[in-house]
Amino acid sequence: MRGHISAHAVCTAIREDIVTGVLPPGSRLIEELLAGRYGVSRVPVREALRTLESEGFVTIRHHAGACVAAPTEREAADLLDIRGLLEPLGAARAAARRTAAHLKVLRGVVRLGRERARQGQRAELRQLDGWFHETLAQASGSASMAALLTQLRRKIDWMYAVEVPAREDRSWEEHGAVLDAVARGDGERARTLMAAHIERSRPAYRLRRPAAAPAVREPKHSVNTMRAGN
């Protein structure tokens, strides 16, 4: 049974445990222990670790094995700089390539975001914000760009905690302005508004500083019952 679990599912499970801090930076990633933890064989674990190495979440050294990467402050800051360049480009492309379906989803997300912000219901706002940016990336019409932006957001979520601004309604008004520009097909305005939105949000990002932890020592759950296959 174990051999039928895909490396993609294992990769998703390990990545989520890294992003959420279950596997902190510097933790050793021992194939046998990970296989037991996720209820799989070592083969998909090995493949998953190679994928995560290519994404920057894992470091693999010859004769030393794998461990969760421990990015420097400079590397973390670079991610925010890259986001500041790439997301405005994605917004400009979305203005030219978005579909009616993309606009419908974006309008629904912005409407919900504005409502929750006015009502002070902050619990859902982080998820709605991610939904907005991910849909906008998909609307760019570029699978490569959407994949890069998704990976970038995962790494930023891993390295940074975000302080909720005192006025979430302003942030959602900015989302709405970007959406209006995209709907009108005004790529330059969408690019400018997104760049300004990202720059204004930057002070809210605080670098996480988790202490390194030892490798996981006993199984806790199986991929079969996790959200890893979603």
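None of the values given here were measured: they were computed from a predicted structure.

About the cut-offs
- Residues numbered from 1 in each chain as written.
- Predicted model: local features only at pLDDT ≥ 70, side-chain atom pairs only at ≥ 80, totals over all residues.
- Heavy atoms only, no water.
- Salt bridge = Lys/Arg side-chain N within 4 Å of Asp/Glu carboxyl O.
- Helix = DSSP H or I, 4+ residues; strand = E, 2+ residues; numbered from the N terminus.
- Buried < 20%, exposed > 50% of the residue type's maximum accessible area, 1.4 Å probe, protein only.
- Expected span 1.5 Å × (residues − 1).
- Contact = heavy atoms within 4.5 Å.
- Axes fitted to C-alpha atoms, helices over the stretch in contact; angles between N-to-C directions.
- Parallel < 35°, antiparallel > 145°, perpendicular 65-115°, else oblique.
- Left-handed = near helix turned anticlockwise from the far one by under 90°.
- Phe/Tyr/Trp six-rings, centres within 6.5 Å; stacked < 30°, edge-to-face > 60°.
- Pairing = 2+ DSSP bridges.
- pLDDT = per-residue confidence, 0-100.
- Core = buried A, V, L, I, M, F, W, Y, C linked by side-chain atoms within 4.5 Å.

Chemist: Before we move on, can you summarise the pattern of salt bridges with the specific residues and values?
Modeler: Scanning the entire structure with this criterion turns up 16 salt bridges. Across the pair Arg-153 and Glu-87 runs a salt bridge, and its minimum N-O distance is 3.9 Å. Remark: Glu-87 occurs in helix α4 (residues 73–97) and Arg-153 occurs in helix α7 (residues 143–159); sequence separation between them is 66 residues. A salt bridge links Arg-116 to Glu-124; the nearest nitrogen and oxygen atoms lie 3.3 Å apart. Assessed through its relative accessible area of 17%, Arg-116 is described here as buried.

Chemist: Quick one: what's the story with helix α6 (residues 125–139), residue by residue and with numbers?
Modeler: Counted at 1.5 Å a residue, the expected span for α6 with its 15 residues is 21 Å, and the 21 Å between its end C-alpha atoms agrees. Inspection of α6 places Leu-125, Leu-128, Asp-129, Gly-130, Phe-132, His-133, Thr-135, Leu-136, Ala-137 and Ala-139 among the buried residues, and these make up the whole buried set. In this structure, the buried residues of α6 make contact with α4, α5 (100–119), α7, α8 (168–184) and α9 (187–201). Phi turns positive one or two residues past the end of α6, at Gly-141, with a value near 75 degrees.

Chemist: Describe the packing of α4 against α6, with residues and values.
Modeler: The N-to-C vectors of α4 and α6 enclose an angle of 60 degrees; their axes lie 7 Å apart at closest approach. Considering their axes alone, α4 and α6 lie oblique with respect to each other. In this structure, the crossing between α4 and α6 has a hand that is left-handed. Across from Arg-83, Glu-87, Gly-90, Ala-91, Arg-93, Ala-94 and Arg-97 in α4, the residues of α6 making contact are His-133, Leu-136 and Ala-139.

Chemist: Could you give an account of the packing of aromatic side chains, with specific residues and numbers?
Modeler: This structure, assessed with the given rule, holds 3 aromatic pairs. For the pair Phe-57 and Trp-158, a centre-to-centre distance of 5.2 Å together with 45 degrees between the ring planes defines the contact as tilted. You can see Phe-57 sitting in the loop between α3 (42–55) and β2 (58–61) and its partner Trp-158 sitting in helix α7, a full 101 residues away along the chain. Here Tyr-160 and Tyr-205 contribute two aromatic rings whose centre-to-centre distance is 5.9 Å and whose plane-to-plane angle is 85 degrees, an arrangement assigned as edge-to-face. With Tyr-160 in strand β4 (residues 160–162) and Tyr-205 in strand β5 (residues 205–207), this pair connects stretches of sequence that are 45 residues apart. Each member of the pair Tyr-160 and Tyr-205 is classed as buried.

Chemist: So, the pairing of strand β3 (residues 65–68): which residues are in play, and what are the values?
Modeler: Judged from the 2 bridges that link them, strand β1 (residues 28–29) and β3 form a sheet pairing that is antiparallel. Looking across to β3, one finds that Arg-28 is bridged to Cys-67. Inspection of the sheet shows β2 paired to β3 by 4 bridges, in the antiparallel sense. Opposite Val-58, over in β3, you have Val-68 as the bridge partner.

Chemist: How would you summarise the confidence of the model for the protein chain if you had to cite specific residues and measurements?
Modeler: The pLDDT averaged across the protein chain works out to 87; a share of 87% of its residues lies at or above 70. Confidence drops under pLDDT 50 across residues 210–220; counting only partners more than four residues distant or on other chains, this segment forms 18 contacts.

Chemist: Can you explain the nonpolar core? Please cite residues and give values.
Modeler: If you look at the biggest cluster of nonpolar residues, it comprises 36 residues, and the most contacted ones within it are Ile-14, Ile-18, Leu-29, Leu-49 and Val-58. Listed by contribution, the elements that provide at least two residues to this core are α1 (7–19), α2 (31–38), α3, β3, α4 and α7. Take this core: its biggest share by element is 7 residues, from α7. Beyond its immediate chain neighbours, meaning those up to four positions away, Ile-18 contacts Leu-23, Phe-57, Val-58, Val-68 and Trp-158.

Chemist: Could you give an account of the sheet that holds β2, naming the residues involved and the relevant values?
Modeler: Adjacent strands of a sheet pair through backbone hydrogen bonds, lying either parallel or antiparallel. Pairing within the open sheet is antiparallel, and its 3 strands lie in the order β1-β3-β2. Both edges of this open sheet fall to β1 and β2, since each of them pairs with a single strand only.

Chemist: Lay out the environment of Arg-154 with the relevant residues and their values.
Modeler: Here Arg-154 shows up in helix α7. C-alpha separation for the pair Arg-154 and Glu-16, spaced 138 residues apart in sequence, amounts to 9.0 Å. Among residues more than four places away in sequence, those in contact with Arg-154 are Arg-15, Val-19 and Phe-57.

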